[in-house]
Amino acid sequence: MRIHELPVDQALASLKTAAAGLAEAEARRRLAEYGRNRVEEIGREHLTLRFAREFTHFFAIVLWLAATLAFVAEHFQPGEGMGRLGVAIVGVILINGLFSFWQEYKAERAVAALRRLLPLRVTALRGGEMVSIDAEALVPGDIVLLDEGDAVPADCRVIEAFGLRANTATVTGESLPMARDSAPAAEESLLFARNVLLAGTSVVSGQARAVVFATGMRTEFGRIAHLTQVAGEVGSPLQREIARLSRLVAMLACGVGVAFFCIGQAVGLPFWENFLFAIGIIVANVPEGLAPTVTLSLAMATQRMARRNALVRHLPAVEALGSTTVICCDKTGTLTCNRMSVRRLWVGGQVVAADALAGRPELLRDGRELFINAALCHNLKRVENGGGAGWIGDPMEIALADWGGGLAGSLDAVRRRDEIPFDTDRKRMSVRCDTPQGPALYCKGAPEQVLAICTAVRVGDAIVPLDAQWRARLQSALTAMADAGLRVLAFADRIGGEPADGERVDADGAALAERELVLAGLVGLEDPPRPQVPQAIARCEQAGIRVIMITGDHPHTATAIAREIGLVKSAAPVVIVGDALRRMSATQLQLALDAPEILFARVAAEQKMLIVEALRKKGHIVAVTGDGVNDAPALKVADIGIAMGIAGTDVAKEAADLILLDDNFATIVDAIEEGRAVFDNIRKFLTYILTSNIPELIPYLAFVLFRIPLPLTIIQILAVDLGTDMLPALALGAERPDPEVMRRPPRRRDERLLSWGLIARAYLFLGVLEAAASLAVFFLVLGAAGWHYGDMPARTDPLYLQATTACFATIVVMQVMNVFLCRHPLKSSLTAGLAANPLIWAGIVAELALLLFIAYVPAGNWLFGAAPLSAETWLTMLAFPPLMLLAEEVRKAWARRGRG
């Protein structure tokens, strides 16, 4: 039998210990055998290797190859600017690698957070003596003493308890403190056994003596830690797409470069000239600015999201959230306020809403004994903090004490004498008080237990016998409140007398005192939903995002909350509890997830992770919200993990990609909107960046195929990719979300960032227009100076420098127009608000400033092989952007008509 199923004496015997604890010698022996009571970190790859990987992935290797070829070319043919090109490419690699490296610390921080949750010292019995020892020194068989407010240091079996209740929310997800006792438990799962205290939980009230049966990584807490460490990191959709795009473009660039190198050799080009040409082809096609632009765009999106109370810890999570199809949401503290409140009550013979009492003076009068009971019947502690007083203890009792105290009026004439504490057999507690009417007893607890000791019921000013008819009416009211997901408590009292022997406070005395009571009323409490949640759920539905509640709470409570916030609308949603989930195969779980409305209740940490994995196998992009230790593995294995910033544990925050600073579920919807905008914006600046590849590539093709002077140098290509294009591309990455972005379903999982439509638009339309314009201006400058076909001017010839500068400047000027064309793939550029994105104008100013520096400043002339341009050249090139605008507007109008 498992330890929670055994009686106390057998449980102690199974661990070869006694109620007086272990002897010191035996404790030392067991410590050597079982190890210290701490979360161990599994072996991980060395930090240096992880750092090196940031500079050795596929895209980086291609750039390293391009830089190496540039340095080789500089060695054998100096003076061509290849050395400067190599240095620039190496700079791109270093910036990218350093910017990404910080992400590798997440697992280490998560483990450190788990360790911080465990207590440092604990009171234990060793050889019959009470000692204070390090929590890490605990071993199986140790007897620990726990009091109110203590953190539980290991998995323990309770052997003595007095009014014991534990907050297990961080491990099991239970929103309410759970009663614990020493009797054998029949629960199948150790997590919910009534006689077990789990490591990482805390004692809310009462005292306990317990025997340790699992320490360190053998505890449920340790298993969660292990799951958090070994759960594989899941690359975001954007990471996977950028990796695919980088491989595709790099292989294309290398393939074209090698192919044209072979063509050059076949037509008789000198080796080094041909080699230079091949490098130019590769550099022209590899978008060196793509990775840093994506990274910086995501960083800017994180700043915007932070202003909306969503803190991004992992940059690719921004776009991943935008492509989310399912949100697996914890109830307690995420959809709800994690704060108990009185919602409904039965008083004076009728059920009323709590907020309706203010307008019902007769109920305030008739229910005063109920309010006094709620204000006095508790075991809370009053403390001073920050100039005011407050309660410490069970959140439910705090809610009742505040509610009752606010309605009962002055209680100065009432004095508490003693308390009959709550226990699991009676399922109620009582307090004795001295009142102006004489001695009084106030009792509250489970309705079935309190009603059993009542003989009358208070209705208005009268006290009437509690006959079968009244009991039926009370049962009806009780059922209605329970079906609404409320936790119902009954309140009863006896004022002005004590039964014989009723002064005793032991168990027998409690039975004598708690009898012949008068029922004052029923109170239904609820952890209310956050007020913004229903609207957020509706927006998710409109955006095609499915929300699934996964909680450790009771199925009734979960269903009621889900119905209240609009998550459940049918009469009979599918509710799967943890025990049933445990018996399901992976296939059965995936089939169950096809239900249109499904909730999960009473689930454990590893089960949450199984649900997430099943959804991902079904092709979903899954976001998981949570705040407890139990959520950490699921947060890590999901496409994106979302933790609560206020109520969330350190473990959940460290395992998450996104933290909600206001703990507001509605903030997730705002973050989704930003995430969807990020994907759209990346496509915008991807179109913008790839467009300039064609006017960079075609001059090299013309150079080798038609034997013309090279219209554009490699260093000028790099000036476009990493200089003039960068800021306008970032400005496109900062575009505001389109109004329609949350009215369309999530993009398909197989939808590519680099679609054929985007390639055709960038490479075959906009890029061709730019290439035609830049080559036209290049030849016009040469022709105006008397150049004829077949002439090959020297690389230092002023005319040649002017012509290449004109070609470069035309590309930049066309890209100025292109930034407006790329703001939307279908909407007219003339209708977009020109002032809506001031970053675009800042980018254009910076782009033109860099162009003027290259063309007119001697340092720019030397670095980029440029020369000043005449006014006639500027007038010529400025004629081409309006033609590009006209052509694109015609294309957009045709595309809109095709979609309409």
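Just so we're clear, the structure is a prediction, and the values are computed from it rather than from any experiment.

1. Some thoughts on the overall build of the protein chain
- For the protein chain, the count of helices and strands is 36 helices and 26 strands.
- Per-residue burial for the protein chain yields a buried fraction of 56% across its 900 residues.
- Partitioning the contacts of the protein chain with sequence separation of at least 6, the portion at a separation of at least 24 is 73%.
- When the accessible surface of the protein chain is totalled, it reaches about 35,700 Å², and 61% of it is carbon and sulfur.

2. Things to note about the pattern of salt bridges
- Counting across every chain of the model gives 37 salt bridges.
- The salt bridge involving Glu674 is made with Arg308; its shortest N-O contact spans 3.2 Å. With Glu674 in helix H27 (residues 665-691) and Arg308 in the loop between helix H11 (290-306) and strand E8 (310-312), this residue pair connects regions lying 366 residues apart in the sequence.
- Arg308 gets classed as partly exposed once you look at its relative accessible area, which sits at 27%.
- For Arg761, the salt bridge goes to Glu888, with nearest N and O atoms at 2.7 Å. You can see Arg761 sitting in helix H31 (residues 756-784) and its partner Glu888 sitting in helix H36 (residues 880-899), a full 127 residues away along the chain.
- Its relative accessible area of 0% is what places Glu888 among the buried residues.
- Each of Arg304, Arg308, Arg539, Asp670, Glu673 and Glu674 takes part in salt bridges that share partners, so that together they form one network.

3. Description of the nonpolar core
- Residues Leu321, Ile327, Leu658 and Phe665 are the most contacted members of the largest nonpolar core, which totals 75 residues.
- A total of 14 residues in this core trace back to one element, the largest contributor, which is H27.
- Setting aside anything within four residues of it in sequence, one finds Ile327 in contact with Cys540, Ile545, Arg546, Val547, Ile548, Ala623, Thr625, Phe665, Ile668 and Ile672.
- Membership of the second largest hydrophobic core comes to 39 residues, among which are Phe703, Val720, Trp787 and Met877.

4. Comments concerning a nonpolar patch on the surface
- Together, Ile263, Val267, Leu705, Phe706 and Tyr789 make up an exposed nonpolar region whose accessible area comes to about 520 Å².
- With respect to the element layout, Phe706 can be found in helix H28 (residues 693-706).

5. Structural notes on the sheet that holds strand E9 (residues 326-329)
- Strand order in the open sheet formed by eight strands is E8-E26-E25-E24-E9-E21-E23-E22, with mixed pairing between adjacent strands. Strands with a single pairing partner mark the edges of an open sheet, and in this sheet they are E8 and strand E22 (574-577). Averaged over all adjacent pairs, the angle separating strand axes in this sheet is 20°, with direction ignored.
- Two strands pair when backbone bridges link them, and strand E21 (residues 546-550) and strand E23 (residues 598-601) are joined in this way by two bridges, in the parallel orientation. Counterpart to Met549 in the pairing with E23 is Leu599.
- Contacts from H27 reach E8, E9, E21, strand E24 (622-626), strand E25 (640-644) and strand E26 (658-660) within the one sheet, and its direction differs from that of E9 by about 160°.

6. Details of helix H33 (residues 838-856)
- The terminal C-alpha atoms of H33, which comprises 19 residues, lie 27 Å apart, in line with the 27 Å expected from a rise of 1.5 Å per residue.
- Within H33, the full set of buried residues consists of Ile840, Gly843, Ile844, Glu847, Leu851, Ile854 and Ala855. All buried residues of H33 fall inside an arc of 100° around its axis, so they share one side. Away from its buried face, by an angle of more than 90 degrees, H33 presents the exposed residues Pro838 and Val845.

7. Describing the pairing of E9
- Burial of E9 is two-sided: the residues Val326 and Cys328 facing one way and the residues Ile327 and Cys329 facing the other way are all buried.
- Of the pairings in the sheet, the one linking E9 to E21 comprises four bridges and is parallel in character. Bridging from a neighbouring strand, Ile327 pairs with Val547 of E21.
- The sheet contact formed by E9 and E24 spans three bridges and is parallel. When the sheet's bridge partners are listed, Ile327 is paired in E24 with Ala623.

8. A short note on the packing of H27 against helix H30 (residues 726-733)
- Orientation of H27 relative to H30, taken along the N-to-C sense of each, is 155°, at an axis distance of 8 Å. The angle between H27 and H30 places the two elements in the roughly antiparallel class. Note that H27 runs across H30; the crossing there is right-handed. Judged by residue contacts, Asn681, Lys684, Phe685, Tyr688 and Ile689 of H27 engage Pro728, Ala729, Leu732 and Gly733 from H30.

9. Looking at the environment of Val523
- Summarising the element assignment, Val523 is placed in strand E20 (residues 517-526).
- For Val523, a relative accessible area of 0% corresponds to the buried category.
- C-alpha separation for the pair Val523 and Lys444, spaced 79 residues apart in sequence, amounts to 9.9 Å.
- Those residues in contact with Val523, other than ones at most four positions away along the chain, are Val342, Arg344, Leu345, Leu370, Leu400, Trp403, Arg487, Val488, Leu489 and Phe491.

10. Considering the packing of H31 against H36
- Following both chains from N to C, one finds H31 and H36 inclined at 160°, their axes separated by 11 Å at the closest point. Taken together, the axes of H31 and H36 are roughly antiparallel relative to one another. Regarding H31 and H36, the two cross each other, and that crossing is right-handed. Each of Arg761, Phe765, Leu766, Leu769, Glu770, Ala773, Ala776 and Val777 in H31 lies in contact with H36, whose residues at this interface are Phe880, Met884, Ala887, Glu888, Arg891 and Lys892.
- Counted by class, the contact of H31 with H36 contains nine nonpolar, no polar and five charged residues.

11. Overview of the packing of aromatic side chains
- Going through the model one piece at a time under the given rule, you end up with five aromatic pairs.
- Ring centres 5.9 Å apart and planes at 35° place the aromatic pair Phe779 and Trp787 in the tilted group.
- Its relative accessible area of 15% is what places Trp787 among the buried residues.
- When the centroid spacing of 5.4 Å and the interplanar angle of 55° are considered together, the rings of Phe820 and Trp841 count as tilted. Within this pair, whereas Phe820 is found in helix H32 (residues 798-821), its partner Trp841 is found in helix H33, the two being separated by 21 residues in sequence.
- The rings of Phe778, Phe779 and Trp787 are connected pair by pair, giving a single aromatic cluster.
- Directly above the aromatic system of Trp470 lies the positively charged group of Arg473, at a separation of 4.2 Å from the ring centroid.
- Above the face of the Phe679 ring, Arg747 is positioned so that its terminal group lies 3.8 Å from the ring centre.

12. Here we look at the environment of Cys443
- By the secondary structure assignment, Cys443 is in strand E16 (residues 438-445).
- Linking Cys443 and Arg432, residues eleven residues apart in sequence, is a C-alpha distance of 8.9 Å.
- If we ignore the near neighbours within four places in the chain, the residues touching Cys443 are Asn373, Cys377, Arg428, Met429, Ser430, Val450, Ile453, Ala490, Phe491, Ala492, Glu514 and Leu517.

13. Thoughts on empty space enclosed by the protein
- Under the definition given, this model contains six cavities of 30 Å³ or more.
- Looking at the second largest cavity, its volume works out to about 50 Å³.
- Taken together, Cys328, Cys329, Asp330, Ile550, Lys608, Val612, Val624, Thr625, Asp631 and Ala634 make up the lining of the second largest cavity.
- For the lining of the second largest cavity, the secondary-structure elements that each account for two or more residues are E9, helix H24 (605-617) and E24.
- Tallied by class, the residues present in the lining of the second largest cavity amount to six nonpolar, one polar and three charged.

Here is what the cut-offs are and how they apply
Residues numbered from 1 in each chain as written. Predicted model: local features only at pLDDT ≥ 70, side-chain atom pairs only at ≥ 80, totals over all residues. Heavy atoms only, no water. Helix = DSSP H or I, 4+ residues; strand = E, 2+ residues; numbered from the N terminus. Buried < 20%, exposed > 50% of the residue type's maximum accessible area, 1.4 Å probe, protein only. Contact = heavy atoms within 4.5 Å. Areas by Shrake-Rupley, 256 points an atom, 1.4 Å probe, with all protein chains shown as cover. Salt bridge = Lys/Arg side-chain N within 4 Å of Asp/Glu carboxyl O. Core = buried A, V, L, I, M, F, W, Y, C linked by side-chain atoms within 4.5 Å. Patch = residues over 30% accessible without salt bridge, like charges linked within 9 Å, V, L, I, M, F, W, Y side chains within 5 Å. Pairing = 2+ DSSP bridges. Axes fitted to C-alpha atoms, helices over the stretch in contact; angles between N-to-C directions. Expected span 1.5 Å × (residues − 1). Arc of directions from axis to C-beta. Parallel < 35°, antiparallel > 145°, perpendicular 65-115°, else oblique. Left-handed = near helix turned anticlockwise from the far one by under 90°. Nonpolar A, V, L, I, M, F, W, Y, C, P; charged D, E, K, R; others polar. Phe/Tyr/Trp six-rings, centres within 6.5 Å; stacked < 30°, edge-to-face > 60°. Lys NZ or Arg CZ within 6 Å of the ring centre and 35° of its normal. 1 Å grid on protein atoms, 1.4 Å probe; cavity = no way out; pocket = protein on both sides within 12 Å on 5 of 7 lines; lining within 4 Å. Points joined across faces, edges and corners; volume = space filled by probe spheres on them.

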